[in-house]
Every structure is written in C-alpha cells, then in structure tokens.
Amino acid sequence: MCGKEIIDLRSDTVTLPTEEMLDAIRTAELGDDVFGEDPTVNRLEKLAAERMGKEAALLVTSGTQANLISLMSNTKRGELVILEAESHIYWYEVGGISMIAGLLPWPVKSRLGALDPENVETAIRPQNIHFPKPSLICLENTHNRHGGTIITSDQIKAISEVAQTYGLKLYLDGARIFNAAVALKIDVKEFTKHVDNLMFCLSKSLCCPVGSLLIGTGEFIEKSRKLRKVLGGGMRQAGIIAAPGIVALESMIDRLEEDHRNARRLAEGIAKIERIQIDLRRVQTNIVCFDISGLGIAADLFISKLKEKGILALTLDENKVRMVTHRGIEKEHVEKAIAAIESIASERHLELK
Ligand code: TLP
C-alpha cells in the first residue's frame with residue numbers, strides 16, 4: 001500500500017493518544033465515578049485543581065459541556081452573560097447558552113480577542129426594569145477565532161477588576177490555556193488567579209482522546225457535578241479517560257512549543273505567497289488563519305483544492321482558512337502545506353481573474 005500521506009491541519013482535536021497514554025488506559029485503576037469511587041478520576045481532578053491553583057476540579061466529556069455547565073453554575077436563568085463577540089461559546093456551541101442555560105448572551109467586540117475593560121463596563125448597564133441582570137463575564141484564552149491569540153494576565157486582571165466592582169463572576173474558556181502559558185513561558189496560574197473558574201481541554205493539543213476539566217471553588221464544583229448529571233455527563237469507569245489526562249498534565253505540556261514553532265514557520269511561508277493575506281501578529285500559538293479573498297475563489301473551494309493535494313484545513317468564513325499545528329505535524333509537513341497553498345495560489349485560471 002502506498003496511499004498518499006494526509007496532512008491533517010483541521011484542528012489539534014485530531015491528535016491521537018500516545019503509547020504512554022494507551023498503556024495508562026490499559027492499567028488504570030477503575031471505579032464508579034458517579035459514586036465518586038474512580039481513583040484515577042479523583043487523582044486527575046486533584047492534580048488539575050492544584051495545577052490551576054484552585055480548590056477543586058471536575059472531569060467532563062467535552063469543552064462544550066464544560067462551558068455549558070459553568071454558564072449554568074455561575075448564573076440563574078434569565079440573566080445576562082457578557083462574552084467576546086467571536087467567542088467559541090457564542091459561535092460554536094449550538095446556542096446552548098440560550099437553549100439550555102436560558103441566558104442572554106451579550107457579545108462585546110475586542111482587539112485580537114482581548115476585551116477592553118471600558119467596553120465591558122459599558123455593557124454592564126445600570127439597573128433598569130427593562131434589562132436582564134448581568135451576572136457573568138466569559139473570556140477565552142487562547143482565542144480560537146482570533147487566530148490562537150493570547151490574552152495576557154494583565155488583560156485578564158483588568159477585566160476581573162470590572163467584574164469585582166459590579167459583582168459579576170469571571171469565567172475563562174481556557175480550552176488551550178496551556179498553549180498561552182507555554183508561549184509566554186509563564187505558570188498557568190498567572191492567568192487563572194484572576195478568574196473565579198475556568199475549563200481546559202485534554203482532547204486538543206494535549207492529545208487525549210476525550211475530556212475537559214472544569215476548575216473552581218469546592219462549592220462551584222459541587223454544584224457543577226450535579227449539573228453534569230442533569231446533562232447526562234455522569235460517567236462510570238471514567239478512569240479510562242482520566243488516565244491519559246494524567247499523562248498529559250505530566251508530560252505533554254512543554255512540547256507545545258514545537259507546535260508554536262511550526263505554526264510560525266507555516267505562517268511565515270504563507271506570508272510570502274502573493275495575493276494571500278495573513279496577519280502575523282495573530283500567530284502567537286498553534287493556530288494559523290489566512291485570507292484568500294485575493295485569489296477570487298471561496299474558502300470552501302480553496303480547501304477542497306487543498307484536500308486533493310492531501311492537506312486538510314477548515315474554513316473560518318467565506319474568505320478565511322484555518323490551519324492548526326499539533327503533535328504529528330513536523331517541519332516537513334509544514335513545508336508541504338506551504339507548497340500546496342503556493343501551487344493553488346498560482347493556478348493559471350485564478351491568475352486570470
Ligand atoms: N474548538 C474546535 C471546534 O469546535 C471549532 C476546534 O477545532 O478548535 N472552547 C474553545 C476555545 C474551543 O476551541 C473549543 C473547540 C471548545 C471550547 C469546545 O470543545 P469541544 O470540542 O471539546 O466541545
């Protein structure tokens with residue numbers, strides 16, 4: 001068999017578990033986690049809470065479930081949630097914020113994903129009989145739709161001061177928070193110390209097959225545990241999910257630097273291609289987004305042409321393409337991706353447009 005190699009740059013969610021993770025799954029000590037009796041889950045939750053400098057943690061099935069549970073835990077139905085206009089919760093979570101949590105999302109525009117405290121303050125309108133009660137602010141770090149941009153600890157602190165002034169809770173969708181910490185070479189607690197609660201994903205660049213962790217006070221996690229059960233997320237021998245999570249926290253974080261180097265290489269290669277626009281300021285971690293409107297074709301057609309060349313990518317909108325580096329993507333794959341993009345950009349019929 002000599003099939004063409006596929007270079008999958010759609011997402012870091014496509015990563016497969018390492019051999020060490022598979023061994024950990026096979027040998028994990030298990031119990032019924034709904035009874036709180038899975039020792040491996042308990043170990044992961046303790047480790048994750050410590051790593052984030054908080055009291056407690058809860059293993060959940062996905063990032064979407066973590067975000068939904070936290071929305072429900074931090075608020076009451078009918079309240080208002082301030083979030084960034086391009087945030088994952090607002091764009092990609094099927095409207096669960098309204099459909100299930102019964103909340104009004106209030107999107108606020110940002111610069112590269114970092115909300116301006118003054119704009120947040122403006123969104124917190126004075127009490128009035130016509131308005132829902134604002135109760136929560138959500139941040140995202142790294143910011144997915146802004147291209148994996150990092151929200152700095154100082155930027156989070158500034159928002160936390162607004163939240164405290166007005167008595168709102170502050171939540172962080174930290175699906176890729178370790179990418180931010182590694183890129184800035186700081187402890188992840190520098191971000192988490194400013195928020196009430198947060199989540200991070202095991203199943204993205206940390207290479208686990210399933211799972212995310214919700215982190216916060218003991219009281220928040222107790223409430224969230226019950227909500228996870230309501231949403232059908234109570235799991236039994238979940239140690240098989242937790243075991244690779246422990247491996248990830250112990251050994252998969254430092255390597256993220258390699259993904260960032262490859263993303264930078266990819267972005268710099270793309271920047272040299274005529275008629276493709278890329279904002280290199282946004283390439284801060286493992287996500288690379290670029291604009292192909294100069295080619296006169298839609299992003300959907302562009303990615304199907306890439307697919308024919310063995311490169312998989314996603315569209316962000318009708319003109320934008322997203323590529324994500326991760327474990328398994330090496331320097332030579334990056335070079336092949338750049339060459340494929342270059343070859344599509346120089347197709348004769350596109351030149352004539
Ligand atoms: N993001 C996925 C897709 O949904 C787009 C990806 O490939 O990037 N928060 C953020 C910031 C995310 O990027 C994602 C997943 C989630 C939450 C949801 O996590 P899952 O997919 O585990 O529900």
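Counting starts from 1 at the beginning of each chain's written sequence and moves along it residue by residue. Per-residue local features are limited, in this predicted model, to residues with pLDDT of at least 70; the limit for side-chain atom pairs, both in listing and counting, is 80 or more; totals at the level of whole chains, interfaces and linings are taken over all residues. Side-chain descriptors were evaluated using all non-hydrogen atoms of the structure, hydrogens and water having been removed beforehand.

What follows is about the packing of aromatic side chains. When the centres of two rings from Phe, Tyr and Trp lie within 6.5 Å, Trp using its six-membered ring, the rings pair. Their planes under 30 degrees apart give stacked, over 60 give edge-to-face, and anything left gives tilted. Tallying each qualifying case throughout the model produces 3 aromatic pairs. When the centroid spacing of 5.3 Å and the interplanar angle of 85 degrees are considered together, the rings of Phe178 and Phe200 count as edge-to-face. Pair noted here: Phe178 is in helix H8 (residues 177–184) and Phe200 is in strand S7 (residues 197–201), with a separation of 22 residues, a long-range link. Geometrically, the ring pair formed by Phe290 and Phe302 is edge-to-face, given 6.1 Å between the ring centres and 80 degrees between the ring planes. Secondary structure counts use DSSP, requiring at least four H or I residues in a row for a helix and at least two E residues in a row for a strand, with both numbered from the N terminus.

This part covers empty space enclosed by the protein. A 1.4 Å probe that fits into a set of points on a 1 Å grid over the protein atoms alone but cannot get out defines a cavity; an open set with protein on both sides within 12 Å along at least five of seven lines defines a pocket, and lining residues are those with an atom within 4 Å of a point. Grid points are joined across faces, edges and corners, and a volume is the space filled by probe spheres set on the points. Overall, the coordinates contain 2 cavities of 30 Å³ or more when judged by the stated rule. Computed from the structure, the largest cavity encloses a volume of approximately 50 Å³. As for the largest cavity, its lining consists of Gly174, Ala175, Arg176, Ile177, Phe178, Asn179, Phe200, Cys201, Lys204, Ser205, Leu206 and Leu256. Within the residue set of the lining of the largest cavity, elements represented by two or more residues are H8 and S7. It is H8 that contributes the most residues to the lining of the largest cavity, 3 residues altogether. The class makeup of the residues in the lining of the largest cavity is 7 nonpolar, 3 polar and 2 charged. As a volume, the second largest cavity reaches approximately 30 Å³. Lining the second largest cavity, in full, are Leu83, Ser87, Ile89, Cys138, Leu139, Glu140 and Asp173. For this scheme, ten residues count as nonpolar: Ala, Val, Leu, Ile, Met, Phe, Trp, Tyr, Cys and Pro. Four count as charged, namely Asp, Glu, Lys and Arg, and the remainder, Gly too, count as polar.

Before going further, it helps to examine a nonpolar patch on the surface. Taken together, the side chains of Tyr90, Trp91 and Tyr92 present a nonpolar region at the surface, about 310 Å² in accessible area. Structurally, the position occupied by Tyr90 is in helix H4 (residues 88–92). Patch rule: a residue counts if its relative accessible area is over 30% and it has no salt bridge; like charges are joined within 9 Å, and nonpolar side chains (Val, Leu, Ile, Met, Phe, Trp, Tyr) within 5 Å. With residues, only the protein chains shown are counted as cover, and all accessible areas are computed by Shrake-Rupley using a 1.4 Å probe. Salt bridges are defined as contacts in which a side-chain nitrogen from Lys or Arg sits within 4 Å of a carboxyl oxygen from Asp or Glu.

Nearness here has a simple test: a residue counts as near a molecule or strand if at least one of its heavy atoms is within 4 Å of that partner. By nearness alone, 15 residues border the ligand, and Ser11, Thr64, Asn144, Asp173 and Arg176 come closest of all. For this analysis, a polar contact is any N or O atom pair within 3.5 Å, provided that within protein one partner can donate a hydrogen and the other can accept it, and provided that sequence-adjacent residues contribute only side-chain to side-chain pairs. Between the ligand and Thr64, the relevant distance is 2.6 Å, taken from an oxygen atom to a side-chain nitrogen or oxygen of the residue. Taking Arg322, its side chain carries an N or O atom lying 2.9 Å from an oxygen atom of the ligand. Compared with its free state, where it exposes 510 Å², the ligand has 83% of that area covered by protein. Grid points define the cavity or pocket, and a molecule sits in it when more than half of its atoms lie within 2 Å of them. Spatially, the ligand is embedded in the largest pocket. Among the elements that line the shell around the ligand, the one with the most residues is helix H3 (residues 63–74), at 3 residues.

Glancing now at the pairing of strand S5 (residues 134–140). Buried means the residue's accessible area, taken with a 1.4 Å probe over protein chains only, is under 20% of the maximum for its type, while exposed means over 50%, and partly exposed covers the values in between. In terms of burial, S5 is largely enclosed, as 7 of its 7 residues are buried. Bridge count for strand S3 (residues 80–84) against S5 is 4 bridges, and the pairing is parallel. From the neighbouring strand, Ile82 faces S5, where its bridge partner is Ile137. For two strands to pair, DSSP has to find at least two bridges joining them. Inspection of the sheet shows S5 paired to strand S6 (residues 169–173) by 5 bridges, in the parallel sense. By the bridge assignment, Ile137 is partnered in S6 with Leu170. In the classification by handedness, the crossover that spans S5, the intervening helix H7 (residues 153–166) and the parallel S6 is right-handed. We call a crossover right-handed when, viewed with the strands running away from us, the connection from the first strand over the helix to the second turns clockwise.

To continue, consider the nonpolar core. Among buried residues, the Ala, Val, Leu, Ile, Met, Phe, Trp, Tyr and Cys ones that are joined through side-chain atoms within 4.5 Å form a nonpolar core. In this structure, Leu59, Ile82, Ile137, Ile177, Phe178, Phe200 and Leu213 are the most contacted members of the largest nonpolar core, which totals 57 residues. Any pair of residues with heavy atoms lying within 4.5 Å of one another is described as a contacting pair. Sequence-distant contacts of Leu59, that is, excluding residues within four places in its chain, are made with Val41, Leu44, Glu45, Leu202, Gly211, Ser212, Leu213, Arg228, Met235, Ala238, Ile241 and Ala242. Ala267, Ile270, Val283 and Ile303 belong to the second-largest nonpolar core, a separate cluster that totals 31 residues.

Another aspect to go through is the side chain of Arg255. Along the polypeptide, Arg255 turns up in the loop between helix H11 (239–251) and helix H12 (256–271). In this view, Arg255 contacts Ser205, His326 and Arg327; residues no more than four positions away in its chain are not counted.

Bringing the pattern of salt bridges into the picture now. Counted by the stated rule, this structure contains 19 salt bridges. As a salt-bridge pair, Lys336 and Glu5 come within 3.5 Å of each other at their nearest N and O atoms. Here Lys336 is found in helix H14 (residues 331–345), whereas its partner Glu5 is found in the segment before strand S1 (7–8), with 331 residues between them in sequence. When the shortest N-O distance is used, the salt bridge between Glu86 and Arg145 registers 2.7 Å. Residue Glu86 is located in the loop between S3 and H4, and its partner Arg145 is located in the loop between S5 and H7; the two are separated by 59 residues in the primary sequence. For Arg145, a relative accessible area of 12% gives the class buried.

All right, on to the packing of H8 against H12 then. Where H8 contacts H12, the axes come no closer than 9 Å and their chain directions differ by 80 degrees. The angle between H8 and H12 falls in the class roughly perpendicular. In contact with Phe178, Asn179, Val182 and Ala183 of H8, H12 contributes Leu256, Glu257 and His260. For the contact of H8 with H12, the class distribution of residues is 4 nonpolar, 2 polar and 1 charged. Axis definition: a line fitted to C-alpha atoms, limited for helices to the stretch in contact. Angles are taken between N-to-C directions and run from 0 to 180 degrees. Each angle is binned into one of four classes, with values under 35 degrees roughly parallel, values over 145 roughly antiparallel, values of 65 to 115 roughly perpendicular, and all other values oblique.

On to the environment of Phe302, then. Positionally, Phe302 belongs in helix H13 (residues 299–308). The exposure class of Phe302 is buried, given its relative accessible area of 0%. Not counting the four nearest positions on each side in its chain, Phe302 is found in contact with Phe290, Ile292, Leu295, Ile297, Val321, Ile341 and Ile344.

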